[in-house]
There are 10 protein chains.
Amino acid sequence: MLFLARMDVQFPAHLSAEDVTRMQGLEKEYSQALQQDGRLASIWRVVGEYANYSVFDVESNDELHQILSSFPMYPFMKIKVTPLAKHPNSIR
Amino acid sequence: MLFLARMDVQFPAHLSAEDVTRMQGLEKEYSQALQQDGRLASIWRVVGEYANYSVFDVESNDELHQILSSFPMYPFMKIKVTPLAKHPNSIR
Amino acid sequence: MLFLARMDVQFPAHLSAEDVTRMQGLEKEYSQALQQDGRLASIWRVVGEYANYSVFDVESNDELHQILSSFPMYPFMKIKVTPLAKHPNSIR
Amino acid sequence: MLFLARMDVQFPAHLSAEDVTRMQGLEKEYSQALQQDGRLASIWRVVGEYANYSVFDVESNDELHQILSSFPMYPFMKIKVTPLAKHPNSIR
Amino acid sequence: MLFLARMDVQFPAHLSAEDVTRMQGLEKEYSQALQQDGRLASIWRVVGEYANYSVFDVESNDELHQILSSFPMYPFMKIKVTPLAKHPNSIR
Amino acid sequence: MLFLARMDVQFPAHLSAEDVTRMQGLEKEYSQALQQDGRLASIWRVVGEYANYSVFDVESNDELHQILSSFPMYPFMKIKVTPLAKHPNSIR
Amino acid sequence: MLFLARMDVQFPAHLSAEDVTRMQGLEKEYSQALQQDGRLASIWRVVGEYANYSVFDVESNDELHQILSSFPMYPFMKIKVTPLAKHPNSIR
Amino acid sequence: MLFLARMDVQFPAHLSAEDVTRMQGLEKEYSQALQQDGRLASIWRVVGEYANYSVFDVESNDELHQILSSFPMYPFMKIKVTPLAKHPNSIR
Amino acid sequence: MLFLARMDVQFPAHLSAEDVTRMQGLEKEYSQALQQDGRLASIWRVVGEYANYSVFDVESNDELHQILSSFPMYPFMKIKVTPLAKHPNSIR
Amino acid sequence: MLFLARMDVQFPAHLSAEDVTRMQGLEKEYSQALQQDGRLASIWRVVGEYANYSVFDVESNDELHQILSSFPMYPFMKIKVTPLAKHPNSIR
């Protein structure tokens, strides 16, 4: 079951450069694990913005929320989720 | 080069049911041809809306506009295009 | 799996009063069948608006889109869907 | 009498992790007491957001404001309230 | 129990001047009856707009929706309702 | 001459609880004086929000701005003013 | 007492060119009379739009609504009014 | 003196295909004359939309409005104008 | 050549009362000099807001940006500029 | 391949005047290098705002994101990118 998520990152001003770098490292690890096991089907950078569009493939809303709220940078992200269905013209 | 497009369809009130059905047929044909040749990489229905999110894989902005404006239902669609870049955490 | 949907109805000007009444009858029938089988868990009128908030309990995004797009008044409704997860403070 | 409330939480940057945890504990207690006595009929997490949709069952606007403004995290929440009426198609 | 409603009127283009005048007459009658019995506590014109702000004094959400949806011009009005509570600084 | 004002309060994070309480006391005093002399005709709390809708009865725009900008909490309020006129259906 | 009004004109599709021209003639006459007697202090075209910003100098909100709602093209205009006060830095 | 304009075209439903084609022909002629004499410095299609961004080089606001309101398709365009100044980092 | 500007002031929380007062003094001086030489044709306070609408009379966009960006409080203002043209109904 | 970008700068309150000046120097250098090599085709100041509209001429979305995210002031800019295509009326 697919969902499109737009995730916008905004770090608070008081965060040190070290904290940011450390969190970005954890984020990468977490993100790549999700891609390896197939639950994060795609992730793209929005050109010119500290934001991404991601496609998640999960079993339920609860699983999706569990995944999203476990992102290391979750407290600093604004996320909007759109549920997707099969399109009648899709050949997949 | 990838682009995300959200496409919302709104038919004018005066269109006959036949015209709508005919256009939807042409649309399917056109959409599937684009998927066959790889330029329309993905297309999903937005749940509850006469709208889709689509991922296009093209060589240039001009090619993308050419593709979009040739959709049979183009005059009845509101399209918003977001250019995508490779995400640093992507494993693809 | 729960989803909240806000559904706003807007009939086109050219629709006859008879067509509206007939569609409202079909709508009631369809809506009540969905409530009987548990897939439409709740439906409330938004005070002062031709709109409702509804809670759907379904197995998948595809099932939800199938349900929504089969509403007799679907062509005249603007629907926004919000996926819901279990709240940590909920006692249910 | 039912009301739908969307509640978005945003903690100010200076709040310590301990303060947040303590407030979340108080919040849970308060929320569950409201559910026990029936005034908070439902509460759901919005997937991907630090937000909830809640349905309140109260006697009056004053009672609802009293309930909402007594949430321990009230100073850090943005709340939008929608009054609900019985829907003509509802079987309840 | 008080509610503030903003009501914006928009007649469809095809309505004849006679229909508009007739509906405005019915509207006045209905509005004044509501004022006489106290359920419509105040009604003001928004300067420069075909719109009003009104204060309703009712027993319940259901009663308010019943009142609003019975306005003769209801099909041509966009209404937004805000529930009001006693203000701690009010001397009334 | 009547005006509707919506006033939203937002205190900056650095304000001490004492300062807030003190200002709320001054605010109450000021607000009630305005009600006593009739220039603040009504004030209601917006349910669930640190906001109010108020009706002012003044001689001029300058007088209204003088009144509003003298609220003790003015620096922390976002105010939107709507000029009101007599409604043709009003019985007052 | 001054008010700024932004007025956007939108004619319905069914209006004939003759009707438009006739109304524009009446509008000019009415507008210029208001300018002659000083109640319409200034009127400017918004570059690139069928819209204007106008400054009105009137005794009351009721007078302003009376003036605005008597514009021949009033039914086809969307008007937003902003009450103005003397600015402390103004030398007038 | 430079201005950026975004121009969105929307034809009313009743316009015949012939009228549209004829207007597009006149539009091209007019647009190209403006480009020849340098007043329309650049014009680009917004990808996926019946819209353009254009840069105008004119002597005054009045000249710009004169140019814009003379576009053959002006009645069917929504135009937003942004005045531009020399950027301190520009090497031109 | 006329431009309408809406200027909203928002001081950051950390600014001392003395800095604010000092800047307001400089602002008044600067504003009145602009009025004396005719480039700031009018300035009005928006009722209830720390904001103004101003009409500027300048030779070019560059001159206008030079004027605006030299306001002592420029770093704390959000400014929106609308280019104005002569209105066909204006008698001036 | 052309893209229009609107870039709004907002420095956090804690940044020292020296840091701002230093960053503006780096920004100028970087911006002018991009103009020299032709990838930044145009850059204009938005009148009255700390913002610019820029036209980029690049080979791909990835190149554009690389360029934008390397601006020295990138962490303090909100950027919106619009892909541009050749306009059928353009003579270039």
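In this text the structure is predicted, and so the values were computed from the model without any measurement.

Trainee: Which parts of the structure should I look at to understand the overall build of chain A?
Mentor: Along chain A, the regular secondary structure elements total two helices and four strands. In chain A, the succession of α and β elements from N to C terminus is β-α-β-β-α-β. Projected onto its principal axes, the C-alpha positions of chain A cover 50 × 25 × 20 Å. Counting the 92 residues in chain A, one finds 51% classified as buried.

Trainee: Would you mind showing me how to read the relation of the copies chain E and chain D here?
Mentor: Copies of the same chain, two in number, are related to each other by a rotation about an axis and a translation along it. With an RMSD of 0.0 Å, the fit of chain E onto chain D corresponds to turning through 180° and sliding 0.0 Å along the axis. These values place the two chain copies in the arrangement generated by a two-fold rotation axis. Here 100% of the interface residues in chain E have copies in chain D that are interface residues too; the copies meet face to matching face.

Trainee: Explanation requested: the relation of the copies chain A and chain B in the structure shown.
Mentor: Between chain A and chain B, which share one sequence, the superposing operator has a rotation angle of 180° and an axial displacement of 0.0 Å; the RMSD is 0.0 Å. With an isologous cut-off of 70% or more, the 100% of interface residues of chain A that recur at the interface of chain B puts this contact in the isologous class.

Trainee: Explanation requested: the interface of chain A and chain B in the structure shown.
Mentor: Much of the literature gives interface size as the accessible area that the parts lose upon coming together. Across the contact, 29 residues belong to chain A and 29 residues belong to chain B. With both sides pooled, the region where chain A packs onto chain B buries about 2,700 Å², and carbon together with sulfur makes up 60% of that total. It is A:Trp44, A:Arg45 and A:Asn89 in chain A that bury the most area against chain B; as a group they hold 23% of the surface buried on that side. Run the count over chain A and chain B and you get zero salt bridges. At the junction of chain A with chain B, the criterion picks out 14 residue pairs in polar contact (both at pLDDT 80 or more). At the level of elements, strand 1 (2-9), helix 1 (17-36), strand 2 (40-46), strand 3 (51-57) and strand 4 (77-86) of chain A are the ones that each hand at least two residues to the side of chain A that touches chain B. Class assignment for the residues of the side of chain A that touches chain B results in 14 nonpolar, 10 polar and five charged.

Trainee: Explanation requested: the pairing of strand 3 (residues 51-57) of chain B in the structure shown.
Mentor: Within a regular strand, the side chains alternate between the two sheet faces. All names here are of chain B. The element strand 3 is extensively covered by neighbouring structure, given that six of its seven residues are classed as buried. Of the pairings in the sheet, the one linking strand 1 (residues 2-9) to strand 3 comprises seven bridges and is antiparallel in character. Counted as the bridge partner of Met-7 is Asn-52 from strand 3. Relative to strand 3, strand 2 (residues 40-46) is paired through five bridges, and the arrangement is antiparallel. Each bridged residue has a counterpart across the sheet, and for Leu-40 the counterpart in strand 3 is Phe-56. Taken together, strand 2 and the strand that follows it, strand 3, pair antiparallel across an intervening segment of four residues, in which Gly-48 is found at a positive phi of about 85°.

Trainee: Would you take a moment to explain the pattern of salt bridges for this structure?
Mentor: A side chain with one charge can pair with a side chain of the opposite charge if their charged atoms come near. Taken as a whole and judged by the stated rule, the model has 60 salt bridges over all chains. Between J:Lys80 and A:Glu49 there is a salt bridge; the shortest N-O distance is 3.2 Å. Pair noted here: J:Lys80 is in strand 4 (residues 77-86) and A:Glu49 is in the loop between strand 2 and strand 3, and the two residues belong to different chains. Since its relative accessible area comes to 12%, A:Glu49 is described here as buried. Residues J:Arg6 and J:Asp8 are paired through a salt bridge, measuring 2.9 Å at the closest nitrogen-oxygen approach. On the basis of relative accessible area, J:Arg6 is assigned to the buried category, the value being 17%.

Trainee: What am I meant to see in the packing of aromatic side chains here?
Mentor: When we look at a pair of aromatic rings, we describe it by the centre distance and by the angle of the planes. The final tally for this structure, using the stated rule, is 37 aromatic pairs over all chains. A centroid spacing of 4.9 Å and a plane angle of 75° characterise the contact between E:Tyr30 and E:Phe71, whose relative ring orientation is edge-to-face. On the criterion of sequence distance, the pair formed by E:Tyr30 in helix 1 (residues 17-36) and E:Phe71 in the loop between helix 2 (61-69) and strand 4 (77-86) is long-range, its members being 41 residues apart. You can call E:Tyr30 partly exposed: its relative accessible area is 22%. A connected cluster of aromatic rings, assembled from ring pairs, spans A:Phe11, A:Tyr50 and A:Phe76.

Trainee: Looking at this model, I keep getting lost on the side chain of J:Asn52. Mind explaining?
Mentor: Within the secondary structure, J:Asn52 is located in strand 3 (residues 51-57). Within polar-contact distance, the side chain of J:Asn52 engages the side chain of J:Ser54 at 2.8 Å. Apart from residues no more than four positions distant in its own chain, J:Asn52 is found in contact with H:His87, J:Ala5, J:Arg6, J:Met7, J:Ile43, J:Trp44, J:Arg45 and J:Val46.

Trainee: I keep staring at the pairing of strand 2 (residues 40-46) of chain J and nothing clicks. Help me out?
Mentor: With six of seven residues buried, strand 2 of chain J is to be regarded as a mostly interior element. As paired strands, strand 4 (residues 77-86) of chain H and strand 2 of chain J are joined by three bridges and run antiparallel to one another. Looking at strand 2 of chain J, one finds that H:Ala85 is bridged to J:Arg45.

Trainee: Is there a simple way to explain the nonpolar core in this structure?
Mentor: Among soluble globular proteins, nonpolar side chains are generally buried collectively. Grouped together as the largest cluster of nonpolar side chains are 50 residues, with contacts concentrated most on D:Phe56, D:Leu68, D:Phe71, E:Phe56, E:Leu68 and E:Phe71. If sequence neighbours within four positions are ignored, E:Phe71 has contacts with E:Met7, E:Glu27, E:Tyr30, E:Ser31, E:Leu34, E:Phe56 and E:Met77.

Trainee: What's the story with the interface of chain E and chain D in this structure? I'm lost.
Mentor: Every contact between the two is made by 13 residues of chain E and, on the other side, 13 residues of chain D. Both sides together, the interface formed by chain E and chain D hides about 850 Å², and carbon and sulfur atoms give 63% of it. If you sort the residues of chain E by the area they bury against chain D, E:Met1, E:Asn61 and E:Pro83 come out on top, with a joint share of 51%. At the boundary of chain E with chain D, the tally comes to zero salt bridges. For the pair chain E and chain D, the number of links is six residue pairs in polar contact (both at pLDDT 80 or more).

The rules we used
Residues numbered from 1 in each chain as written. Chains lettered and ligands numbered in written order. Predicted model: local features only at pLDDT ≥ 70, side-chain atom pairs only at ≥ 80, totals over all residues. Heavy atoms only, no water. Helix = DSSP H or I, 4+ residues; strand = E, 2+ residues; numbered from the N terminus. Buried < 20%, exposed > 50% of the residue type's maximum accessible area, 1.4 Å probe, protein only. Least-squares fit on C-alpha atoms with pLDDT ≥ 70 in both. Contact = heavy atoms within 4.5 Å. Buried area = accessible area lost by both parts, 1.4 Å probe. Salt bridge = Lys/Arg side-chain N within 4 Å of Asp/Glu carboxyl O. Polar contact = N/O pair within 3.5 Å; in protein donor to acceptor, adjacent residues only side chain to side chain. Nonpolar A, V, L, I, M, F, W, Y, C, P; charged D, E, K, R; others polar. Pairing = 2+ DSSP bridges. Phe/Tyr/Trp six-rings, centres within 6.5 Å; stacked < 30°, edge-to-face > 60°. Core = buried A, V, L, I, M, F, W, Y, C linked by side-chain atoms within 4.5 Å.

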